[in-house]
Structures are given as structure tokens and as C-alpha cells.
Amino acid sequence: MDYALCQAGETTNSEGLLGVLFAYDINCQYCVNFRHRVSRGQYLHFPASLPIHFLIGAGMTSGEILESLWSQLNGAANITRSMTIANRSEMLDACMADINWRKLQSMVGWLIRQYNRAQDSLTEAETSFKQLNQSASEEQRAAWTNQMVAANERRLTDSDPSAMDLFNVQKQKVEAQITVQIRLMQEESRSNQMLGATTWLSTAINLQEFQLDIRRVVEAHRRAPTDAVKLELEKKRETALRRLNDLHAEAHSLFPNTCIDRHPARRPTGLEEICTCEEDCICSAQNQIRPSEDIEDVELSIVPLPSSFEVLPEGWSSIAKKEEELRVAQANEALEFLRADIGHKSYLYRANRSLANGKRERTRGYDSINAVERSMCLNAQRYQLAQWALGRLGVAGNYPQFLPLKREDTRAVTAIYDPNKRGLRTDSMSWIWKMNVRKDSETFSYLEELYRVNWIRSISIRDRWKEELCIVESEMEWFVRFTESRKNQALEWTNTAATDGHMAYAYRQSHMWKLLGVKATKDFEVAGVRISLD
């Protein structure tokens, strides 16, 4: 590949060019050490003053258009397989010449279609960018423009693909619940106060999630549970009861002055399963009536947490603060897992579109979708549990990014499994994809980050369509000039014609190229592009 590129540069007078637009499907990695490889190669030479452009000036060029042309030669593969090398070369040359001639005949119509497409897309891109640009401040526009210019310059001069990370949201990962627990435990150790309280709170929260898991098993097998399911359920209940007893015993040891059994408490409410179907509901979340006799006390037992008590016990304000931090981490983590499940579900739908339309068969795809949706329901309930606890602690207003979870928030990403769906351009993503996932950041700052990325991408799309329009207009002029050049070349043949037949052929070729150029000029003018060869 290095040798081919260097030979192309040496045989096309590239020294006089302003730059080279190199289209390659692995260009982001190939060009990183390209000049280093050339400097080490004995037979490699590439002009040091010739920059390799990655993005600027590319327009909307398809980098893989040549592969679609090569595919037309597949029909000649079987024919040429048994030929000699000379015959095979002549055959392939003839096929390529025919392809090029047919492209030349349809070039005018194709350029006009490309011109109309570029005009329409540029108008749409300018409208979209104008709407974003009007609501941005002068400081934001200046800062974002400088960032974009610096990233493009760095990509061009340093051949650094990571410069394009600017075009993505600089999203930070959520602080996992275990990370928050470690931090709180370290604070306890440094202060030498309330040792073990964080571990006790984390154990209690995990027990609540385990209760959700038991209820899920009960509801999934409520009609005709097998003996194996009953055994699994009883084992889970026994484990939950033992963990609850241990939790109460540990509480008496940590808080000897507080009798948690005498404080009125309330169990979590509003933890309903959310329908995860894409079209018509075919799940059991909205159809089934769950009999209360299937739920035993262990699933509904109240876990002694600050959020559960009607009145916070005396001296528990610091415990409530620790639970608040753990609950925020729980909500963030649940949403993170929910986003991952939605992404997984979207790609499963992409592999089998019929699953998204409710036409599920007893296939591996069916089982995979069910497994993902069960995980989605559990993570949704984890989020609802954290949201309920924050509300009980009276701090829900401090976290406006945690909105109520609805059915439409759990739907698969249509742009992944059905990118050609009508009206997709106007569809907006759910809030769970836009919320701030960092505790110490405001929702507005995260939305501003999304706004920055949309602004940079919008202006880049507009600029690329401007480049595309300029390129197409130039290609129209180049085509007319090409026909003029071929016409003059054919006329020169008349000076060296040996026979009347040669003379007639030269005049016929000249007339053909003249008509082709005249027709192209008229068609381009009708399309709105005036070609002048002066």
C-alpha cells in the first residue's frame, strides 16, 4: 500500500498540488506512521511538502466508490479464470474500458443529480445550524470555533486521529456504587467515627434489591411453578431472611442507643414493572394481575434504613447523608446498566427486525430479547427504588436530573435497528441519554456539552456540503473542458491522417466530443450552473 501511494504521487506530478485527499477504510491508523515508514523504505518517496488531507476539502465524497466499480468485474471472473495472462489482461482492459465509457455517457445526469442533492442538503444543513447558532452566545461560538479549528489543524498537521474526539461528548463515567462505598469507608477510617455504618447501609440496600429479585421470580412463575422453581424460591427467601436478621443484629451493635424495631417504618412503593415492548404490548407487565397471596413477608419485609423510617432516629443525620450518596450512585448505576441493556436490545433488533414488531418466535433471538428485557425491568426497578429513597430522605429536589421513568424511555434506539425509518430525523432521544451522570455537575452543564457537540457537528456538516457543492460545480466545468480537450485532440489527428478514412474518423470523433460538450453545457445551465471556458 505504501509503494502504491508513493508511485501514485510520483507519476501524477503531485509536487505541484496543494494536497492529497487520501480515502482508505483504515486511514485513521494507516496514516499515523506513514511518513515514518516512507523514510525507512529504500524504494519509497513521498513529497515532504505535500500534506495528506483527512477531512477538510473532502466534501461528501464516498471513499469506497471504487469498490462498487470493481464489483462489476465479478461477472468476468469466471471467464478469465482459464485464460492466459495476456488474454486475461486484454479482457479486463476491455471490461474496464466499457465501464468507463458507460460512466462517461451518464456523467452529465449523475453530476446534475449530485448538484441537486448537494443544494437540498446544504439548505437543510444551513437551516439546522442557524437554529442552533441563534441561541448560542458570542463567547460560546468563539470558543467552539477555536476548538474545531484547532482539532482540524491537529488532525491535518500531526496526523493525530484522537483530535477528532472533540466531536464526541466528553462524557464521564458514572461513579459506581462500590466506588462510593469505598470512599465513604475511607472517610470513616480517617475520622474514626461510625465505623461500619457504610458497610451496613450498603448491605441493607443490596438486600432491598435482592427482595426485588425474589418478587420477580414469584411473578414470572406465578401460574404453574415447577418444583425446581419452588426450591429455588425457598432458598432465596431463606437467604433473604437470614440476611435481614443479620442486618438487625448488626444495627443493634452499631447503634446501641437506637431501638430500630420501635420506629415506625414504610416499605418502598411505586416499584412497578415498566413495559419494554416496542410496538403493541405483548408482555405481562400490563396484562397480569398479581395475586397478593403469592408474596410472602420476606419479600415485603421493611429493611431498616433512614429512608424507611417515618421519623429519622436521633443522631442518624450523618447516616441519612451516607444513604443519600449511596442512593445517587445506585440511581446512576441503574441508568447506566439500563442504557447498556437498551443498546444491546437495539442491536438484537437490528439482527432480526421482526422481533421489534412483536413477531417473536421461539428462537434464540426470542430468548435473547427476553433476557435483556428482564434485566431492563430489574434495573428500572432499582432506579425507582433509589428515586423513592431520595424522596423519602427529602433530597429529591437536589437531583432534578432523576426524572420519572416511562415506557418510551426504555425503547430501543431506532437509529440503530431501523436507520431508514420515516421521521427519524425529528425523533429526539430520551432524557436518560442526556442526563448528567456526575454527582458534582449540574444538568445544565451536561446539556451544554451536548449542545457544543451538536453545534460543532452541525457547522461541520454545513461546511462539508458547501465543499461538496463547490466540488460538483468544479466537476461540471472539468467535464466540459475534458470534452473540449478531446475535441481539439481529434482535430489534430486530421493533420496526420494518411487516408480519407482516417480523416473521416478524426472529424467524426471531434464532432462527437463537441456535441457531448454542448449538450452538457446546456443541461448544466438548465440545472442552474453556467459554464464558461473563457
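Just so you know, these numbers come straight off a predicted model, no measurement behind them.

Engineer: What am I meant to see in the pattern of salt bridges here?
Structural biologist: Opposite charge on two side chains lets them pair, provided their charged atoms get close. Summed over the entire model, instances satisfying the criterion amount to 21 salt bridges. Glu 188 is paired through a salt bridge with Lys 322; the nearest N and O atoms lie 3.4 Å apart. Of this pair, Glu 188 sits in helix H9 (residues 177–191) while Lys 322 sits in helix H13 (residues 317–351); the two residues are 134 residues apart in sequence, bridging distant segments of the chain. Note on Glu 188: relative accessible area 3%, which makes it buried. Given the relative accessible area of 12%, Lys 322 is considered buried. Salt bridges sharing partners connect three or more residues here, namely Arg 183, Glu 187 and Glu 325.

Engineer: Got a minute to help me understand the packing of aromatic side chains in this structure?
Structural biologist: The way to describe two aromatic rings as a pair is by their centre distance and the angle between their planes. Considering all chains together, one arrives at 10 aromatic pairs under this definition. Aromatic side chains Trp 200 and Phe 255 sit 5.4 Å apart centroid to centroid with 75° between the ring planes, which places their arrangement in the edge-to-face category. With Trp 200 in helix H10 (residues 197–220) and Phe 255 in the loop between helix H11 (227–254) and helix H12 (297–300), this residue pair connects regions lying 55 residues apart in the sequence. The same class applies to Trp 200 and to Phe 255, which are both buried. Geometrically, the ring pair formed by Phe 482 and Trp 513 is edge-to-face, given 5.6 Å between the ring centres and 90° between the ring planes. Of this pair, Phe 482 sits in helix H16 (residues 443–493) while Trp 513 sits in helix H17 (residues 500–527), and the two are 31 residues apart along the sequence. What links up through ring pairs into an aromatic cluster is the set Trp 200, Phe 255, Phe 309 and Trp 316. The positively charged end of Arg 243 is found above the aromatic ring belonging to Phe 210, 5.1 Å away from the centroid.

Engineer: I'm lost on the side chain of Glu 188 in this one. Help?
Structural biologist: Separated by 3.3 Å, the side chain of Glu 188 and the backbone nitrogen of Gly 196 make a polar contact. Aside from chain neighbours lying at most four places away, what touches Glu 188 is Gln 193, Met 194, Leu 195, Gly 196, Ala 197, Thr 198 and Lys 322.

Engineer: Could you clarify how one ought to interpret unusual backbone geometry in this entry?
Structural biologist: Positive phi outside glycine occurs at Asn 192, with the angle close to 55°. Mapped onto the elements of the fold, Asn 192 is located in the loop between H9 and H10. Backbone geometry at Met 194 places phi at a positive 55°, although glycine is not the residue there. Structurally, Met 194 is set in the loop between H9 and H10. For Met 194, a relative accessible area of 32% corresponds to the partly exposed category.

Engineer: How should I be thinking about the packing of H9 against H10 in this particular structure?
Structural biologist: The interhelical angle for the contact between H9 and H10, taken along N-to-C directions, is 155°, at an axis separation of 8 Å. As summarised for this structure, H9 and H10 are arranged roughly antiparallel, according to the angle between their axes. The residues of H10 that touch H9, namely those facing Gln 177, Gln 181, Leu 184, Met 185 and Glu 188, are Ala 197, Thr 198, Thr 199, Ser 202, Ile 205, Asn 206 and Glu 209. Here the contact of H9 with H10 is built from residues that sort into 4 nonpolar, 6 polar and 2 charged.

Engineer: Can you help me understand the nonpolar core in this one?
Structural biologist: Nonpolar side chains tend toward joint burial in soluble globular proteins. Judged by nonpolar contacts, the single largest core of 28 residues is most densely connected at Trp 200 and Trp 316. Considering each element in turn, this core owes the most residues, 10 residues, to H10. Core analysis: the next-biggest nonpolar cluster, separate from the first, contains 21 residues, Ala 334, Leu 335, Ala 380 and Trp 431 among them.

Engineer: Where do I start with empty space enclosed by the protein in this structure?
Structural biologist: A probe as big as a water molecule, rolled over the atoms, marks out the empty space that is left. Applying the stated criterion across every chain, the model contains 4 cavities of 30 Å³ or more. Taken as a whole, the largest cavity spans an internal volume of roughly 100 Å³. Gln 208, Gln 211, Leu 212, Arg 215, Arg 267, Pro 268, Leu 271, Glu 299, Leu 300, Ser 301 and Leu 385 are the residues that line the largest cavity. Only H10 and H12 provide two or more residues apiece to the lining of the largest cavity. Top element by residues in the lining of the largest cavity is H10. It accounts for 4 residues. Considering only residue class, the lining of the largest cavity consists of 5 nonpolar, 3 polar and 3 charged.

What counts, and where the lines are drawn
- Every chain's residues receive numbers from 1 upward, in the order its sequence appears when written.
- It should be noted that, the model being predicted, local features are given only for residues of pLDDT at least 70 and side-chain atom pairs only at 80 or more, the latter also being counted only at that level, while totals for whole chains, interfaces and linings use all residues.
- Heavy atoms throughout the structure, all of them, feed into the side-chain values; hydrogens and water do not.
- Definition used for salt bridges: Asp or Glu carboxyl oxygen within 4 Å of a side-chain nitrogen of Lys or Arg.
- Each helix corresponds to a stretch of at least 4 residues labelled H or I by DSSP, and each strand to a stretch of at least 2 residues labelled E; elements are numbered beginning at the N terminus.
- When a residue's accessible area, from a 1.4 Å probe over protein chains only, is under 20% of the maximum for its type it is buried; when over 50% it is exposed; and in between it is partly exposed.
- Classification of ring pairs uses Phe, Tyr and Trp, with its six-membered ring standing for Trp, and accepts pairs whose centres are within 6.5 Å; under 30 degrees between planes counts as stacked, over 60 as edge-to-face, and the remaining range as tilted.
- Working rule: Lys NZ or Arg CZ, within 6 Å of ring centre, within 35 degrees of ring normal, means a charge sits over the ring.
- N or O atoms closer than or at 3.5 Å make up a polar contact, with two conditions inside protein: a donor-capable atom paired with an acceptor-capable one, and, for residues adjacent in sequence, both atoms drawn from side chains.
- For this analysis, residues touch if any pair of their heavy atoms sits within 4.5 Å.
- Angles run from 0 to 180 degrees between N-to-C directions of axes, and those axes are lines fitted to C-alpha atoms, restricted for helices to the stretch in contact.
- Angular relationships are summarised with four words: roughly parallel below 35 degrees, roughly antiparallel beyond 145, roughly perpendicular across 65 to 115, and oblique for the angles in between.
- When residues are sorted by character, Ala, Val, Leu, Ile, Met, Phe, Trp, Tyr, Cys and Pro go into the nonpolar class, Asp, Glu, Lys and Arg into the charged class, and all the rest, Gly among them, into the polar class.
- Buried residues of nine kinds, namely Ala, Val, Leu, Ile, Met, Phe, Trp, Tyr and Cys, make up a nonpolar core once their side-chain atoms join them within 4.5 Å.
- Detection works on a 1 Å grid of protein atoms alone, calling trapped sets that fit a 1.4 Å probe cavities and calling open sets with protein on both sides within 12 Å along at least five of seven lines pockets, with lining residues defined by an atom within 4 Å of a point.
- Grid points are joined across faces, edges and corners, and a volume is the space filled by probe spheres set on the points.

These values are about where atoms sit, not about what they do.
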